[in-house]
Amino acid sequence: MSVDLTVVVPAYNEERRLGPTLDAIRAHLELTDRGAWELIVVDDGSTDRTAEIAEEASAADPRVLLLRGDRNRGKGHALREGVLASYGRRVLITDADLAAPIEELDHLDKALTDGHAAAIGSRARPGATIGAHQHRLRELLGRTGNFLIRAVAVPGIRDTQCGFKLFDGDRARAAFAESRLHGWGIDVEILQYFRRSGWPVAEVPVRWSHQEGSKVRPLDYVKVLAELTALKARAVNRTDVRVALLFLALSTVLFSSRWLAPAHRYFPDSMQDQNQWEWFFAVTADNVRHLHNPLFTTFQNLPDGVNLMANTAMLGLSVPLAPVTWLLGPAFALNVAMTGGLAATAVSWYRLIRRRLVPHRGAAFVGAAVATFAPPMVSHANAHPNFVVLFMIPLIIDRALRLCEGTRVVRDGVVLGLFTTYQIFLGEEPLLLAALGMLLFALAYGVARGDVAKAAWRPLLRGIGVALAVTVPLIAFPLYWQFFGPQSYKSVLHGESGNSPLAFLSFAERSLAGSAESSDHLALNRTEQNAFYGWPLVALAFAVVIRLWERPAVKALAFTVLGAALLSLGLKFRIPLTDIVLPGPWAALSDRPLFESVIEARVAMVCAPALGMLLALALVRLFSVPRRAPRYAGVAAVALALLPILPAPLKAVDRADVPPFIADGTWRAYLGEGETLVPVPVPDAANAEALHWQTSADLGFRIPGGYFNGPWGPDRIGIYGPSPRSTSDLLRDVIASGRTPRITPAWRAAAREDLKFWKAGLLVLAPQEHDGQLRATVDALLGRPGKWVDGVWVWDLHRGNGRDPHKGG
């Protein structure tokens, strides 16, 4: 049967409108002489006279056909039945109310003639006219729902739900045959199919008038979103799901020693960082619970407090994980953040590599695994979630690449701005290093492909401008608070912290081939083993670059690795096995704003994803080699290069018990309103167990000192911990020397001033190394001995220690 046009009309309880609609369609088709046509009415289980009216029209004109359903299944099912029964070279689907007049078919028809595979009527494009509007509230809900639908499913199409669409017949039948939705979401599902197939779709402005009795309700947009979500879930590739689960398993194994008992296990290589991070999660959850300022707290460092925005509090995770912290504690929440965040980072790199570099899932998996579980990442997993939870970085890179394509610059710029804003609340230093890596790659790729750079720089700069316009208003106040608010500082003095060139060839402590003896002398500590990629991987990367040098992406990745490695050497470095010291390229950046606070050795972390991408490219080339022997030999070489850097689970030990004086709440009887509990020695970056006391006591008391970044001196230089005071320095010297100093009247006077400044209510000394010398020092400072209460020495500062806390004061 040769049919030029099929018109499909889905109908459910349309006895009042169907007759005039069919008459109008038939009249127009006869008047315009469109050749052979057919008109298919799909009755979707109506309970009124809809089917009878369609049968009467069919009896009068055999070109009108009726498909009758036994029950109501939804618009999607009706359209699928109608389109699959069609024969037309072109297929028009239109609602039974003819809100868009049939005469608008001419405009859609022209779009198909011009080469499009589909033309959809639009009420949102310039040139559309609305004869009769819906109620304002209904219209607002509809626009909001439509915005969400197109943002989630079909960006770029302004009106997905207008019931007036013309398709190429064969392509429509192919799309509807693959469709699965039964409800209103069918429109979006079909448009997605056309998009994936590369079939061009035109959005054509039409005349449209609201018709009373419409079957579309505001809540139907919610149903559409639910349908699309379910559809997207069903469409996820099972291999990709298995890859994600495997990454989650690898991440869980890495942190397994703490998952055994999150609240009672501690990573010793984190030094005091685990205490600090758990405290960050706890204080953020407390701020959320009580609607306090999330950017500041006085739980540490009373009375000055801590600027949380100027510290790595990771509000982007600690805020949404606040309910987990309330229910299961900050140690569990931190475990969730680090385990889940690391797995999400791997999935994000996998997605970027598959989308932008290699389609092969196996190669992409290896590349993402190297990017996520490389020795520097495992090293930071001991203590720095802000450097392992990097799932936003690949998304930012992908969005920047979309800007270079120049197709939807404004939209992609807005999304880039939102992504960047969120990353700022996850970690600013990783974002800065990522931007540095992207710049190195862009410079090299621009030189290798000048034609691409010439076409990309205008939309890229325009998109970055849009991103800044989005980001700046969102982060203006938090950044003002960070750099100019209470307890803000200018920069953190790290000293020289560059990598040794030998570190790149060595193995990290947690790598299969590594050991503490071979790695500790090449890094600041075990959380900063930033460059330990091992000589086999370095050699393999060099061979890959030589073999695939003709590819611009390989040249750019090689330049990125080399540039990041050189920058990470710091201000100066010594050539191995010689006494020759050379200036490092980091000197050009070290005193620049933002870079002045960066630990330059961390720039080497940029190498991890670049090396992963080089391996992904190499594996794809190997998989395409027709001969088995060289293919297997190449894959074996990759495996042998990666084997020595396979990570072992992080080491954890049983945590020191919180003294019963704190754990049982005995401290409550000693502290008055606004007073602090002063641990001995006063907490600092080297001794922050008191932060664990606080979190175990649900932040019931405040302390002086602590472990944080804050200002020091008139120039407000950033330091770790509180500004020094006489008493805290004295107690720290006792810990370091193990000797009891001679206490003079001047020391006692200084102690009285410090205790007044700290608003101290009591001092607490837990058993520890040199605790006898500490106790003798505090006895001498206060002029009276402490009392042993529930596992600690206590000095009550109220009225000469004369009250009985067990009698309520």
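Just so you know, these numbers come straight off a predicted model, no measurement behind them. (Residues numbered from 1 in each chain as written. Predicted model: local features only at pLDDT ≥ 70, side-chain atom pairs only at ≥ 80, totals over all residues. Heavy atoms only, no water.)

It is the contact of helix α19 (residues 428–448) with helix α20 (residues 450–484), at a shortest axis distance of 13 Å, that shows an interaxial angle of 170°. Classified by the angle between their axes, α19 and α20 sit roughly antiparallel to one another. Residues E428, Y445, G446, V447 and A448 of α19 lie in contact with α20, whose contacting residues are G450, V452, A453, L479 and Q482. Looking at the contact of α19 with α20, its residues break down into six nonpolar, three polar and one charged. (Axes fitted to C-alpha atoms, helices over the stretch in contact; angles between N-to-C directions. Helix = DSSP H or I, 4+ residues; strand = E, 2+ residues; numbered from the N terminus. Parallel < 35°, antiparallel > 145°, perpendicular 65-115°, else oblique. Contact = heavy atoms within 4.5 Å. Nonpolar A, V, L, I, M, F, W, Y, C, P; charged D, E, K, R; others polar.)

Reading across the sheet, the four strands line up as β16-β19-β21-β20 and stay open at both edges, with mixed pairing between neighbours. Strands with a single pairing partner mark the edges of an open sheet, and in this sheet they are β16 (676–679) and β20 (787–789). For this sheet, the mean inter-axis angle between neighbouring strands, taken without regard to orientation, is 35°. Inspection of the sheet shows strand β19 (residues 760–765) paired to strand β21 (residues 792–796) by four bridges, in the antiparallel sense. Of the residues in β21, the one forming a bridge with L763 is W795. (Pairing = 2+ DSSP bridges.)

Let us now look at unusual backbone geometry. Peptide bonds are mostly trans, and most non-glycine residues show a negative phi. A cis geometry characterises the amide bond from L302 onward to P303, with omega recorded as 10°. Position of P303 relative to the elements: it lies in the loop between β11 (296–297) and β12 (306–307). In this structure, P681 follows V680 across a cis peptide bond, with omega equal to 0°. With respect to the element layout, P681 can be found in the loop between β16 and α27 (689–696). Unusually for a residue other than glycine, Q487 sits at a positive phi of about 60°.

With that settled, the discussion passes to the nonpolar core. Ranked by internal contacts, the top residues of the largest apolar core, which has 142 residues, are F247, F661, I662, L677, W693 and F701. With twelve residues, the top contributor of residues to this core is helix α24 (residues 607–623). Residues L39, A54, C162 and F164 belong to the second largest nonpolar core, which totals 33 residues. (Core = buried A, V, L, I, M, F, W, Y, C linked by side-chain atoms within 4.5 Å. Buried < 20%, exposed > 50% of the residue type's maximum accessible area, 1.4 Å probe, protein only.)

On to α24. A rise of 1.5 Å per residue sets the reference length of α24, with its 17 residues, at 24 Å; its end C-alpha atoms lie 24 Å apart and thus fit the reference within 8%. Judged by how many residues are buried, α24 sits mostly within the fold: 14 of 17 residues are covered. (Expected span 1.5 Å × (residues − 1).)

On average, residues of the chain score 91 in pLDDT, and 93% of them are at 70 or above. Within the model, the stretch residues 800–809 combines pLDDT values under 50 with 16 contacts to residues more than four positions away or in other chains. (pLDDT = per-residue confidence, 0-100.)

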